[in-house]
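Fold and contact review
What follows is each chain in one-letter form.
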Amino acid sequence: MQRRRVLIVEDEQDVADLVKRAVERSGDVDTSIVGSGDAALKAVAERPHDLVLLDLNLPVLDGVEVCRILRSRPDTRHVPIIILTARAAEDDRVSGLELGADDYIVKPFSPRELSARIRALWRRIGPPAEVPLAAY
């Protein structure tokens, strides 16, 4: 079985490390961590990912704009996105989901719940697509 590729977009290293540990509990994965919105777009353009875990409060380009851009591009339109953010207001949660996020989790979060939500998402979308190495 092919390993899933997960991009963690988080500018706080301690939170990124916690998310990485939770993601690794979710299955056979390779994780990458970037700390800004522009770096997230570059990482996704360079290598396809099976999931993006996206903070909204990011330097350079915020997570709302990153989500909007990913959903507008044909090659990233179907990449699952879970927003993981401190923005807890109902308006923020509704806006994130309407923007195209597949799930919205508010910080502080339970690593076990994050892991369970990732596994549930992967059950719905099925196995990772086979991507030939020449595509990188």
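It should be emphasised that the depicted structure is a prediction, and the values quoted were computed from it without experimental measurement. (Residues numbered from 1 in each chain as written. Predicted model: local features only at pLDDT ≥ 70, side-chain atom pairs only at ≥ 80, totals over all residues. Heavy atoms only, no water.)

1. Notes on the overall build of the protein chain
- The number of helices and strands found in the protein chain is five helices and five strands.
- The order of helices and strands in the protein chain, counted from the N terminus, is β-α-β-α-β-α-β-α-β-α.
- Its C-alpha atoms give the protein chain a radius of gyration of 14 Å, within 12% of the compact-globule value 14 Å for 136 residues.
- Judged by the C-alpha coordinates and their principal axes, the protein chain covers about 40 × 30 × 25 Å.
- Looking at the protein chain as a whole, 45% of its 136 residues qualify as buried.
- Carbon together with sulfur atoms contributes 51% to the accessible area of the protein chain, which is approximately 7100 Å² in total.
- The averaged location of the 23 negative side-chain charges in the protein chain is 5 Å from the averaged location of its 20 positive side-chain charges. (Helix = DSSP H or I, 4+ residues; strand = E, 2+ residues; numbered from the N terminus. Rg over C-alpha atoms; globule rule 2.2 N^0.38 Å. Buried < 20%, exposed > 50% of the residue type's maximum accessible area, 1.4 Å probe, protein only. Areas by Shrake-Rupley, 256 points an atom, 1.4 Å probe, with all protein chains shown as cover. Lys, Arg positive; Asp, Glu negative; His and termini not counted. Charge placed at Lys NZ, Arg CZ, Asp CG, Glu CD.)

2. Notes on the confidence of the model for the protein chain
- Predicted confidence across the protein chain gives a mean pLDDT of 90, with 93% of residues reaching 70 or more.
- The secondary structure element of the protein chain with the lowest average pLDDT is helix α5 (residues 111–125), at 90, and the one with the highest is strand β3 (residues 51–54), at 97.
- Across residues 131–136, where pLDDT falls below 50, the model places seven contacts with residues more than four positions away in sequence or in other chains. (pLDDT = per-residue confidence, 0-100. Contact = heavy atoms within 4.5 Å.)

3. A word on the nonpolar core
- If you look at the biggest cluster of nonpolar residues, it comprises 20 residues, and the most contacted ones within it are L7, V9, V52, L54, L70 and I81.
- Broken down by secondary-structure element, the contributors of at least two residues to this core are β1 (4–9), α2 (37–46), β3, α3 (63–72) and β4 (81–85).
- Listed in part, the 17 residues of the second largest apolar core include V6, I105, F109 and W122. (Core = buried A, V, L, I, M, F, W, Y, C linked by side-chain atoms within 4.5 Å.)

4. Considering the packing of helix α1 (residues 13–25) against α5
- At a minimum axis separation of 8 Å, α1 and α5 run at an interaxial angle of 45 degrees. By the angle between their axes, α1 is oblique relative to α5. The crossing of α1 and α5 is right-handed. Where α1 approaches α5, its residues L18, V19, A22, V23 and R25 are matched on the opposing element by P111, R112, L114, S115, I118 and R119.
- Taken together, the residues that form the contact of α1 with α5 break down as seven nonpolar, one polar and three charged. (Axes fitted to C-alpha atoms, helices over the stretch in contact; angles between N-to-C directions. Parallel < 35°, antiparallel > 145°, perpendicular 65-115°, else oblique. Left-handed = near helix turned anticlockwise from the far one by under 90°. Nonpolar A, V, L, I, M, F, W, Y, C, P; charged D, E, K, R; others polar.)

5. Details of a positive patch on the surface
- Side chains of R21, R25, R112, R119, R123 and R124 sit close together on the surface and give a patch of like positive charge.
- Elements that contribute at least two residues to the positive patch include exactly α1 and α5.
- If one sorts the elements of the positive patch by residue count, α5 sits on top with four residues.
- By secondary structure assignment, the location of R21 is in helix α1. (Patch = residues over 30% accessible without salt bridge, like charges linked within 9 Å, V, L, I, M, F, W, Y side chains within 5 Å. Salt bridge = Lys/Arg side-chain N within 4 Å of Asp/Glu carboxyl O.)

6. Things to note about unusual backbone geometry
- Following K107, the chain continues into P108 via a peptide bond in cis, with omega recorded as -5 degrees.
- Relative to the helices and strands, P108 resides in the loop between β5 (103–106) and α5.
- A positive phi angle is found at V60, which is not glycine, with a value near 75 degrees.
- Its location among the elements puts V60 in the loop between β3 and α3.
- On the basis of relative accessibility, which here comes to 69%, the residue V60 falls in the exposed class.

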